[in-house]
Structure formats: structure tokens, C-alpha cells
Amino acid sequence: MKPESNARPIILSFCLCLVVMGASPLRGQTPIDSTVNFTRTTVMIPMRDGVKLHTVILVPAKQAEPLPILMVRTPYGVHDGPSLRYFNTPGGPYKELAAEGYIFAFQDIRGRYGSEGTFVMQRPLRDTSVAQSIDESTDAYDTVDWLVKNVAQNNGRVGVLGVSYPGWLTVMASIHPHPAVKAVSEQATPADMFLGDDFHHNGAFRLSYGFEYSFELETSKVDTSFPFDTYDTYEWYLKLGPLSNVDEKYFHGTRPTWENFVHHPNYDEFWKSQALAFQLDKPVVPTMNVAGWWDQEDFYGPVKTYETLEKKDTDHLNYLVAGPWNHGGWGYGDGTKLGKIDFGSATSTYYRENIQAPWFAYFLKDKGKNNFAEATTFRTGSNTWETYDQWPPRNRTTDKNLYFRAKGQLSFDPPPSGMKDDFDRYLSDPANPVPYRPRPVEPTYYFRGSGWRTWLLEDQRFVDHRPDVLSWETEPLQEDVIVTGDIITKLYVSTTGTDADWVVKLIDVYPEEYDKDPKMGGYELIVADEVFRGRFRNGFETPEPMVPGKPAEISVDIHHNDHAFLKGHRIMVQVQSTWFPVIDRNPQTFVPNIFNAKESDYRPATHTVYRSPRYPSRIILPVAKQ
Ligand code: PG9
């Protein structure tokens, strides 16, 4: 993940983000050396093909007995980065684990920072018929092999963990794992870069992330920020014009990841071969998957990884934890608040002390009991920890339809039978896209701080007056509505163009009079959300134009959740067709490859959302049985 749990070149950005997360002890301080109670050794560990990987090993200074090793592999630099600077400080990611007693090994992956070799973004699995072939799984294997043979006083057991890119590297370490690997915790791993994680969602391209990240990782061996000349990147990306201008003006074909975006606009073998659903099989190592409900980068990934492994988990090795966090938020600060939302208790501390530390201690040190729930979630709204023996807990929920109705109403009652087709509509103009967060939109990982990490919790009143954002909402609820599991939206839509994006947001609207915190009166909090690119409604492999004026059914999975809409609150759904610049603009004129669209292809179009018995647009909520 970037940057809280990984080394970052710009220390200021790291300090600022800790301030945002509420980790005040570090505010304005020069970072202390938090490894003082450890003996630090730096080694170059040889891989099977001779490439050497830069690794920092921390051994407790007063080690009395053999200890397990915890390994973290990262592209973000181990040498002087946050992993080491803050790893044993209060509110840092490894404090509780360090207190428990482990040897730690942090490693730069191939081609990054101090390691030799070439970096390949999410390096594909190797061809096993080629003896000397390598991938991140073999690099993890070779590293573990070296560590257990060379680090004095280790107990022969290794745990692997990491958030985001390091989370994905953790998954790789669990594929054909070294026998010493006894527990892995992937946290916010991406699982599918076309369907749901950093680079695309349902085929819609994540422009700002895709552009900035490919520059950041593929400009040099160390993280390098794109030198924006405009503070508000909403304006910058709008001025950029068609996507082809990226190569034309800036990249000139030099960033492999960007070239892959351009040459693989559909769900082809390139994307499928790296998707975890096609790479993972039966879990062979205890695996704890960790997700944040408001993860702005990789929420799809850990849930998909859990689901994929669960299909064959006959030995009960697979676990899920989800809580009220942004990307990696469980690893930093105390997790009492995120953005303006208060969860009433220190959720991140709770996770690190009561879930993560005992889980690793059980599997790596035989300590404690295996009483870990299959799924542990923090239910937002009511702010309670919950446990489940299956996820999603379909045995405990009933699907209920919430229908889009006339005059902006959302209702559990369907549109009356016999009613003729009715709809709401709006003009969507690619020249005036809806911002995804309040402007100015600072660069994603801006070193002076950025709204990126909390944008999913922004009050949606900042857009609900726009004519190109439709809202439907319930009356104030008479009783709590608890939604636990996967939420699906069924949209019946048409356009006057030949392609369109459909963004759906499920929102908890706070009461106008909110005594607990009057400033939160009427707050519109996104609980679940997603975008769908219309051209992929019949399959992600082959895009198809939308037929002007013809209603199409589009199913949008807005993902898993555990949220209580409390009595007195309202449930709202918003639909819009731009979310800029996190999602690139759909030209709304079908072209085979949007990366080659011309300026003239980008045209305003009128979009219609139907709400009638024949076309009952609705949201399907898994509501807890009372
Ligand atoms: N979300 C980041 C990422 C992971 C994997 C690939 C590309 C980006 C990260 O935080 O590491």
C-alpha cells in the first residue's frame, strides 16, 4: 500500500498522513529510530537466477528463545521508509507484533530501491516448464529458504504479511509456498485490475490512479511523483483531453503499465492471467484476508481473494476481517475516526491487538486457542464488532428490494402494477464531469496531503444539487435496517449516445437534527458504491455499443458490507455518469478502444433511468433477519 505502511521517499507526506489518521504522537517530530530494541542487519539475498534482493533483518536485541520470522516484501523501499521508521512506535503497524516477539525481515522486490533485477508491475506467474524462470512466488520462496537457514535463533516458522502491493506479494508467497511459511495475512491485495481494484472497475478506467501510479513506479527505481503544474488535478485532467494525449504529451510509450492499459482495453488474457480468481486454488496455509469498507484502492481484492479460497477451504484455513477503514487504515493510528465519521471506539488498535497479534501468535508460536471466527466485521452505523461462521451470512439475511420511485422516492414498495413506463433523466456532458470529491483534487499521493484517503466518506451534498446527479431517498426509517452481505443494483437505463457509465452510490443520510453531533445533520455518507461501463453490460471480453433509446438492464454489484441504517436516518441512492478524474470520461460515442478516442468522440448525451413495473430499477439489500 502507498504510503502508510510502506517506505515512501517523501517523509513529509508520511507524517501528514499519520496526522490525518489521528496518530498525533508523530506530529511534527523528526521520526525516531524505532528499531532501537532490535539488531539491524542488511543483506543481499541471492535468488535462484543469481539476482540479489536487498533485505533488512531486525532481531530483538534481547532474544531469549527461538522466534518465528515475519516477512514483508514491498516495491516502496525498505531502507529508510516508514516500515522501519515507525514499525515499533505506538500506533504503527508492527508495534503489537514487535511486543509479541518476532524476527522481522523487510525486502525490496526485484528492480526496486536497493534490489537488483528488473521491476515488472505485478509480475505474472512463471512458466514452470522453464527451469530457471522466476516470479514473486519463487522470490518469496528463495528468501524464506535463506532466512530460515541463515538467521540465528529462528524457530523455523515464517509468517508473511503486507498491505496492497505487499498484500499481493503476500498472496504470491502463498502460491507453492515454502514449507516454513505457516501463516499469511494479505491485507487489501488487488485481485483483479480490470474488474475491481486500482486500475479499472467493471471496465471503467481509473484515470488518475492509473496515470499517477504508472509514472510513480516506472520512472526510476524509487517512487517518483508526476510533476503536476496545476494544484487541482480535476482541471489538469480535463485539459489533458483524450487519453491518447498521455503518450503524445508525456509518456511517449515509456511506461509499460500505461502501454498495457492502451493495448488491453477489454478483459482479455492479459488481465485474466493476473486475476487471483484464476491463480488461486485450495488454501494450504492459514490465510487472514483483511479489508476496509472505505478502501479507496483495493476493497474488491481481499473479499474476492477470501471468496476464491473459500470455495476449496475444506481444512478451515481461510479467514476474513473487514472494518471501517480506508486503504491500510487498520495498520495506523487508533481507527476511532475516518474523515468526519466517528466509530465510537479504537477499531484499528482493536484489530492489531485482538485479531492480528493473537492470530499470528497461534499459528507461528502455538500460543492461545484457535477461536478465530470465520469472518469478523465491524458493523458501521451501530458501531459493533460482529462474528460470522460464513461470509456473506446468507443464512441470517433476506434480500429486500428498494425501488426507485417517482419524485425522488426510494421505497420497499414496487411501482404499482399497471403503471406505464416512467423515468428520470439527465444530460451528461463529458466537458463538465461530476467531480468525485470536492475540488481542488490534489494529486493522489501529494506530499503536502491529499483528500484521496478519505474521499469515499465525503458528504455527498457537494454534488446532489447537480442536474446530472439523480437521487432517490426513503422516508426516515421507522426501525434500524441492517444490511449484511453483497449488495446488488439492477438498473434499467438508456442513452441517446452509444455508450455510457453508470455510477451507483448507496448513502446513509443522517437526520437533520443530529443531537450526537449537530454538525453532522443531514450528512450524506456513502456506504457502498461502484461504476459500470455500459459497453460491457453483456460481457467484459467484447464491448458492445448501447442502442440509442433502447432500455438495457445493467447489474452493478456494489459489494459486501455490514452497515446499520439507524432509525431516523434515510437510505438514499444516487446515480450519475461521471466521476472525474478517478474514472476517465466515457466519450458516450462508442469507439472500439477509448484510449484511441478523438476529442470529437466526446459528446453530451441524455441518459434515462427507468422506474416502472416493466423496468423496476432497484437496489437489492441483504437485510438481517430480526
Ligand atoms: N494500491 C496500490 C497498488 C497495489 C498493487 C498494484 C498497483 C497499486 C498500493 O497501495 O500498493
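Residues numbered from 1 in each chain as written. Predicted model: local features only at pLDDT ≥ 70, side-chain atom pairs only at ≥ 80, totals over all residues. Heavy atoms only, no water.

> Can you walk me through the overall build of the protein in this structure?
For the protein, the count of helices and strands is 13 helices and 25 strands. Here the protein has a C-alpha radius of gyration of 24 Å; the compact-globule value for 626 residues is 25 Å, and the two agree. Dimensions of the protein, computed from C-alpha atoms along their principal axes, come out at roughly 75 × 55 × 50 Å. Counting every position in the protein, which comprises 626 residues, the buried fraction comes to 65%. Taking contacts inside the protein between residues at least 6 apart in sequence as the whole, the part at least 24 apart equals 76%. Taking the average place of the 64 positive charges on the side chains of the protein and the average place of its 80 negative ones, the gap between the two points comes to 1 Å. (Helix = DSSP H or I, 4+ residues; strand = E, 2+ residues; numbered from the N terminus. Rg over C-alpha atoms; globule rule 2.2 N^0.38 Å. Buried < 20%, exposed > 50% of the residue type's maximum accessible area, 1.4 Å probe, protein only. Contact = heavy atoms within 4.5 Å. Lys, Arg positive; Asp, Glu negative; His and termini not counted. Charge placed at Lys NZ, Arg CZ, Asp CG, Glu CD.)

> What is the right way to look at the sheet that holds strand 2 (residues 52-60) in this model?
Consider a sheet: its strands pair through backbone hydrogen bonds, and that pairing is either parallel or antiparallel. With mixed pairing, ten strands are arranged side by side in an open sheet as 1-2-4-3-5-6-9-10-13-14. Of all the strands in the sheet, just strand 1 (38-46) and strand 14 (384-388) have a single pairing partner and so form its edges. The sheet shows a mean angle of 20° between the axes of neighbouring strands, taken without regard to direction. Bridging between strand 5 (residues 154-163) and strand 6 (residues 181-187) involves six bridges; their strand directions are parallel. Looking at strand 6, one finds that V163 is bridged to Q187. Against the sheet, helix 5 (residues 165-173) engages strand 3 (67-74), strand 5 and strand 6, with an angle of about 135° to strand 5. The strands touched by helix 12 (residues 300-310) within the sheet are strand 6, strand 9 (287-292) and strand 10 (318-323), with strand 9 carrying the most contacts at an inclination of about 150°. (Pairing = 2+ DSSP bridges. Axes fitted to C-alpha atoms, helices over the stretch in contact; angles between N-to-C directions.)

> In this structure, what is going on with the packing of aromatic side chains? I would like to understand it.
Within a pair of aromatic rings, the relevant descriptors are the distance that separates the centres and the angle that separates the planes. Per the counting criterion, the structure on display carries 73 aromatic pairs. Between F261 and W271, the aromatic rings sit 6.4 Å apart at their centres with planes inclined by 10°, giving stacked as the arrangement. Of this pair, F261 sits in helix 9 (residues 256-263) while W271 sits in helix 10 (residues 269-274), and the two are ten residues apart along the sequence. The buried category is assigned to F261, whose relative accessible area is 1%. Ring centres of W293 and F299 lie 5.9 Å apart, and the angle between their planes is 50°; this geometry places the pair in the tilted category. Overall, the relative accessible area of 9% leaves F299 in the buried class. One Lys or Arg, R112, reaches over the ring of F119 and ends 5.5 Å from the middle of that ring. Here R585 stacks its cationic end above the ring of Y602, 4.5 Å away from the centre of that ring. (Phe/Tyr/Trp six-rings, centres within 6.5 Å; stacked < 30°, edge-to-face > 60°. Lys NZ or Arg CZ within 6 Å of the ring centre and 35° of its normal.)

> Explain the environment of W294 here, please?
Within the fold, W294 resides in the loop between strand 9 and helix 12. When its relative accessible area of 2% is taken as the criterion, W294 is described as buried. Those residues within four positions of W294 in sequence are excluded, and the remaining contacts are P324, W325, N326, H327, L338, F343, T380, L456, L457, L525 and I526. For W294, the side chain forms a polar contact with the main-chain oxygen of I526, separated by 2.8 Å. (Polar contact = N/O pair within 3.5 Å; in protein donor to acceptor, adjacent residues only side chain to side chain.)

> What should I look at first to understand the packing of helix 6 (residues 207-218) against helix 9 in this one?
When two helices pack together, you describe them by how their axes are tilted relative to each other and by the distance separating the axes. Helix 9 packs onto helix 6 with a crossing angle of 145° between their chain directions and a minimal axis gap of 8 Å. From helix 6, L207, G210, F211, S214 and E218 reach across to helix 9, where they touch P256, T257, W258 and F261. Residues belonging to the contact of helix 6 with helix 9 are distributed by class as follows: five nonpolar, three polar and one charged. (Nonpolar A, V, L, I, M, F, W, Y, C, P; charged D, E, K, R; others polar.)

> Mind showing me how you'd approach the pattern of salt bridges here?
Close approach of charged atoms allows side chains of opposite charge to pair. Per the counting criterion, the structure on display carries 29 salt bridges. Note that D584 and R533 form a salt bridge whose closest N and O atoms lie 2.7 Å from each other. Residue D584 is located in the loop between strand 23 (570-576) and strand 24 (605-610), and its partner R533 is located in strand 21 (residues 524-533); the two are separated by 51 residues in the primary sequence. Since its relative accessible area comes to 4%, D584 is described here as buried. D601 is paired through a salt bridge with K598; the nearest N and O atoms lie 4.0 Å apart. The class for D601 is buried, based on a relative accessible area of 9%. Residue class for K598 comes out exposed when judged on its relative accessible area of 52%. Connected through salt bridges with shared partners, the residues D49, R110 and D139 form a single ionic network. (Salt bridge = Lys/Arg side-chain N within 4 Å of Asp/Glu carboxyl O.)

> Please explain the pairing of strand 25 (residues 618-624) as it appears in this structure.
On any regular strand, side chains alternate: one points to one face of the sheet, the next to the other face. Within strand 25, seven of the seven residues are buried, which leaves it mostly tucked inside the rest of the structure. Because side chains alternate across strand 25, one face comprises the buried residues R618, I620, P622 and A624, and the other comprises I619, L621 and V623, equally buried. Where strand 15 (residues 397-404) meets strand 25, seven bridges bridge the pair, whose relative direction is antiparallel. Note that in strand 25 the partner of L402 across the bridge is I619. The pairing of strand 19 (residues 481-495) with strand 25 spans four bridges and is classified as antiparallel. Considered in strand 25, the bridge of I488 is made with I620.

> Would you take a moment to explain the pairing of strand 22 (residues 552-565) for this structure?
With eleven of 14 residues buried, strand 22 is to be regarded as a mostly interior element. Here strand 19 pairs with strand 22 via twelve bridges, running antiparallel. Of the residues in strand 22, the one forming a bridge with I482 is A564.

> Looking at this model, I keep getting lost on the environment of M288. Mind explaining?
Take M288: it is sitting in strand 9. A residue is classified by how much of its surface remains accessible, and M288, at 1% relative accessible area, is buried. Sequence-wise, M288 and T314 are 26 residues apart; in three dimensions their C-alpha atoms are separated by 15 Å. When sequence neighbours within four positions are dropped, the list of residues in contact with M288 reads V184, S185, E186, Y319, V321, Y351, I355, Q356 and W359.

> I keep staring at the domain arrangement of the protein and nothing clicks. Help me out?
The extent of an interface is frequently quoted as the accessible surface area lost upon association of the parts. Domain assignment breaks the protein into domain 1 (30-191 + 275-388), domain 2 (200-272) and domain 3 (396-624). Measuring from the centre of the C-alpha atoms in domain 2 to the corresponding centre in domain 3 gives 25 Å. On the side of domain 3, 35 residues touch domain 2, which itself brings 30 residues to the contact. Applying the counting rule to domain 2 against domain 3 returns two salt bridges. Of the charged contacts, one joins D232 and R439 as a salt bridge, the two residues approaching to 2.7 Å between their closest N and O atoms. Where domain 2 meets domain 3, there are 14 residue pairs in polar contact (both at pLDDT 80 or more). Taken together, the elements giving at least two residues each to the side of domain 2 that touches domain 3 come down to strand 8 (204-205), helix 6, helix 7 (233-240) and helix 9. Partitioned by chemical class, the residues of the side of domain 2 that touches domain 3 number 16 nonpolar, eight polar and six charged. (Domains from an automatic or database assignment.)

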